[in-house]
Amino acid sequence: MNERTINREVSSIREDITAKRKAATAAVSRRTFVKRVSAIGAGTAVLSRVPTRPTKAQYGPPHADGLPAQQLTAMFTDMVKIRQWESKIKDLILKGGFRGVAHLYVGQEAVAVGVCSALRKDDYIASNHRGHGHLIAKGGDLKLMLAEITHKAAGYCKGYGGSLHITDVNLGILGMNGIVGASHLFAAGAAYGIKVKGTDQVAVSFGGDGSIQGNFFSSAANSAAAWKLPWIGVIENNAFQIWVRASDVYATPDLAQRAAGYGIEGRVVDGNDVLAVYGVAKQAVEKARSGGGPTLIECKTYRWYDHYGVAGARTGGDGAFGLGYRSDRELRDWMAKDPISRFRKFLVSEKVLTEAGADEITAEVRKAVEEAATFAEAQPVPKPEDGLLHVFAQGAVPLHTA
Ligand SMILES: Cc1ncc(C[n+]2csc(CCOP(=O)(O)OP(=O)(O)O)c2C)c(N)n1
Ligand SMILES: [Mg+2]
């Protein structure tokens, strides 16, 4: 080790210690902190927990064989679309004047794309607050999404809903949703509808590690198991619920273990490996289509930005650094496992894409995102006098029938 390497190591360790101190102050009171630290004797061990990552045995099918080059390229393109679209939103927020709120999905792209690539257009998805990626992966229109998130009249919900309510029923997108856990209930309801209609569609819900705590998830999982509904619950375990570390509030390392309690198959998969996610999702979809009932899939992943907004982020760069509840080193560790770079490397090594081809796709997507932003910017906001339009279903039964 030369002197430069040692200095780099030392400053990295210092940075880590400062971040952990900050995290401790934010997460627990001083007294609780001291109690916890002395209880385990090992001093800093309580602060150095890293998010659970799957071992090799838990990965599921390592790679989905037999996928045509065209589909692999489409999967790569969708992942880049999510990254670029959200990076644009991040830059717009940093610029100032942005209306509304955004829970960025960057870092988790492999989950949305892996799952949605296993679905048909007529299958349903129900999304949560961190849902832009799910919508883009299911075919959501970049322009209409950008108009909606900036509350413009041309947006998906005429500008009334913003980020948290984007819906496109024609694409099977039952909507984003700010109520944690409700996505599971929506999808289980859709799965019940499918069963009543007798079609072979499936319904998927996306929820975070926090979404399995409440009654929405419990009702969805229990009913789906009891009635063998074509429901697939996807849990994106990104290690945090706002700034609370999942490993501080769950005793089990794998949330998929809970599936057994409902009589459902539970799977754990590396959520940063798009083909592994696709492989597990495809098996769950085939099972659900053929009447085999539900599956719970836990994807281990990590969000690169803060819970919402852009604290610690910078224009033109990736990731939010200096946040009090996680260390920069932990973020860098996960960024080194970037699901997009990883998939790109695989596609190039498999000769599905060349480096130049991958660059070209990225440039085309960037252009489409810029066009979406220009489109959205030019649109008017909804007029106050139109405030009650599009609120009630046209042709609804009048409230007063007498
Ligand atoms: C029913 C309900 N309880 C609490 C909240 C406040 N809240 C918003 S996001 C969030 C954390 C969600 O964590 P997770 O499900 O892991 O999703 P992530 O944000 O990590 O993607 C909470 C508690 C809410 N929106 N809805
Ligand atoms: Mg989470």
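Predicted model, so just to flag it, every value in this text is computed and none were measured.

**Q** Report on the overall build of the protein chain, specifying residues and quantitative values.
**A** When helices and strands are tallied, the protein chain shows 14 helices and seven strands. Across the 402 residues of the protein chain, 44% fall into the buried class. Long-range pairs, those at least 24 residues apart, make up 74% of the contacts in the protein chain between residues at least 6 apart in sequence.

**Q** Break down the environment of Glu350 for me, citing the residues and quoting the values.
**A** Structurally, Glu350 is set in the loop between helix H13 (339–349) and helix H14 (355–378). Classification of Glu350 as exposed rests on a count of 11 C-beta atoms within 10 Å. Residues Glu350 and Ala69, 281 residues apart in the sequence, show an inter-C-alpha distance of 9.7 Å.

**Q** Outline helix H4 (residues 109–116), supporting the account with residue identities and numerical values.
**A** Taking burial as the measure, the eight residues of H4 include eight buried ones, the bulk of the element. All of the buried residues in H4 are Glu109, Ala110, Val111, Ala112, Val113, Gly114, Val115 and Cys116.

**Q** Go over the site of ligand 1, please, and point to the residues and values.
**A** In the neighbourhood of ligand 1, 16 residues make up the surrounding shell, with Arg130, Val180, Gly208, Gly210 and Gln241 lying closest. Mapped by element, the contributors of at least two residues to the shell around ligand 1 are strand E2 (203–208) and strand E4 (240–241). A per-class count over the shell around ligand 1 returns four nonpolar, ten polar and two charged.

**Q** Outline the packing of helix H3 (residues 69–95) against H4, listing residues and values.
**A** A pair of packed helices can be characterised by two numbers: the angle between their axes and the separation between those axes. Where H3 meets H4, the closest approach of the two axes is 9 Å, and the angle between their N-to-C directions is 140°. Classed by the angle they form, the pair H3 and H4 counts as oblique. Of the two elements, H3 crosses H4, and the hand of that crossing is right-handed. Contacts between H3 and H4 involve Met75, Asp78, Met79, Ile82 and Arg83 from the former and Glu109, Ala110, Ala112 and Val113 from the latter. Split by residue class, the contact of H3 with H4 holds six nonpolar, no polar and three charged.

Calculation criteria
Residues numbered from 1 in each chain as written. Chains lettered and ligands numbered in written order. Predicted model: local features only at pLDDT ≥ 70, side-chain atom pairs only at ≥ 80, totals over all residues. Helix = DSSP H or I, 4+ residues; strand = E, 2+ residues; numbered from the N terminus. Buried ≥ 20, exposed ≤ 12 C-beta atoms within 10 Å, placed from the backbone. Contact = placed C-beta atoms within 7 Å. Near = placed C-beta within 6 Å. Nonpolar A, V, L, I, M, F, W, Y, C, P; charged D, E, K, R; others polar. Axes fitted to C-alpha atoms, helices over the stretch in contact; angles between N-to-C directions. Parallel < 35°, antiparallel > 145°, perpendicular 65-115°, else oblique. Left-handed = near helix turned anticlockwise from the far one by under 90°.

Purely spatial values, then, with no claim about function.
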